[in-house]
Amino acid sequence: MGDPRLLRVSRPVERFSTPALRELVRDMVDTMRRLNGAGLAAPQIGVDLQVVIFEVANNPRYPDAGKVPFTVLVNPELTLLSDELEEGWEGCLSVPGMRGLVPRCTRLRYQGFNAEGEPIDRTVDGFHARVVQHEVDHLRGILYPMRIRDLRNFGFTEVLFPDVGRVDE
Ligand code: NI
């Protein structure tokens with residue numbers, strides 16, 4: 001946080017199935033898994049393209065989260081399907097060691113493509129919907145602390161959640 005590349009609006013990917021796009025995705029997957037992230041967006045590694053990835057399966061940083069299938073999502077479009085907002089704790093690999101309580105839409109549809117240009121169209125809710133909104137925000141230059149309504153609900157992970165144990169951040 002503080003790096004101006006995180007505040008840019010990302011450009012759409014114009015060509016799929018290219019070596020450059022596959023290498024970008026490989027770099028992003030390596031970074032996300034090494035840091036136990038639930039997701040990652042290209043701007044977080046300095047690339048201003050509309051590419052996000054996410055995956056939640058027994059993640060030590062989010063022990064209570066439901067499973068989210070590994071997904072590469074390019075040029076995403078979101079359609080919010082609920083007026084209801086739900087507060088939930090989020091962290092971000094670009095804001096290491098911290099958590100904040102963030103309101104998100106509870107249900108949405110996302111459309112886009114994988115790295116090979118095959119279409120993706122899903123309707124999701126719960127933590128899956130939260131992760132998608134968090135990652136797509138990165139493509140618009142928005143970091144989750146900007147969405148916290150009450151900054152008293154923002155702090156160090158080890159203070160807020162001492163039972164989660166050591167986290168790799
Ligand atoms: Ni993030």
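Predicted, not measured: the structure shown is a model, and the values here were computed from it.

Reading the values: the criteria
- Residues numbered from 1 in each chain as written.
- Predicted model: local features only at pLDDT ≥ 70, side-chain atom pairs only at ≥ 80, totals over all residues.
- Heavy atoms only, no water.
- Helix = DSSP H or I, 4+ residues; strand = E, 2+ residues; numbered from the N terminus.
- Expected span 1.5 Å × (residues − 1).
- Buried < 20%, exposed > 50% of the residue type's maximum accessible area, 1.4 Å probe, protein only.
- Arc of directions from axis to C-beta.
- Contact = heavy atoms within 4.5 Å.
- Pairing = 2+ DSSP bridges.
- Axes fitted to C-alpha atoms, helices over the stretch in contact; angles between N-to-C directions.

Asker: What am I meant to see in helix 1 (residues 19–34) here?
Answerer: Given 3.6 residues to a turn, an α-helix orients residues that are three or four positions apart in the same direction. In this model, helix 1 (16 residues) spans 22 Å end to end at C-alpha, consistent with the 22 Å of a helix rising 1.5 Å per residue. Within the sequence span of helix 1, burial applies to Leu21, Leu24, Val25, Met28, Val29, Thr31 and Met32. With its buried residues spanning 165 degrees around the axis, helix 1 presents them on a single face. Exposed and oriented more than 90 degrees from the buried face of helix 1 are Pro19, Arg26 and Arg34. Against strand 1 (39–41), strand 2 (51–56) and strand 3 (68–80) lie the buried residues of helix 1. Downstream of helix 1 by a residue or two, asparagine 36 has a phi angle that is positive, lying close to 55 degrees.

Asker: What exactly am I supposed to notice about the environment of phenylalanine 113 here?
Answerer: If you trace the backbone, phenylalanine 113 turns up in strand 6 (residues 107–113). Once the C-alpha coordinates of phenylalanine 113 and threonine 71 are considered, the two residues, 42 residues apart in sequence, prove to be 9.9 Å apart. Residues contacting phenylalanine 113, with those up to four places away along its chain left out, are Phe16, Val72, Leu73, Val74, Glu118, Pro119 and Ile120.

Asker: Mind showing me how you'd approach the sheet that holds strand 6 here?
Answerer: Sheet strands line up and pair through hydrogen bonds in the backbone, either parallel or antiparallel. Strand order in this open sheet of 5 strands is 1-2-3-6-7, and the pairing throughout is antiparallel. Looking at which strands have only one partner, the edges of the open sheet turn out to be strand 1 and strand 7 (119–125). If you compare each strand with its neighbour and ignore which way they point, the axes differ by 35 degrees on average. As paired strands, strand 6 and strand 7 are joined by 7 bridges and run antiparallel to one another. For tyrosine 110, the partnering residue across the bridge sits in strand 7 and is arginine 122. The sheet contacts of helix 1 involve strand 1, strand 2 and strand 3, and relative to strand 2 the element is tilted by about 40 degrees. Along the sheet, helix 2 (residues 126–139) contacts strand 1, strand 2, strand 3, strand 6 and strand 7; its crossing angle with strand 2, the most-contacted strand, is approximately 155 degrees.

Asker: Honestly, the sheet that holds strand 4 (residues 85–90) in this entry has me stumped. Any pointers?
Answerer: Pairing is antiparallel in the open sheet, where 3 strands are placed in the order 4-5-8. Of all the strands in the sheet, just strand 4 and strand 8 (154–156) have a single pairing partner and so form its edges. Averaged over all pairs of adjacent strands, the angle between strand axes in this sheet comes to 30 degrees, irrespective of strand direction. Bridge count between strand 4 and strand 5 (residues 98–105): 6 bridges; the pairing is antiparallel. Directly across from leucine 85, in strand 5, lies its bridge partner cysteine 105.

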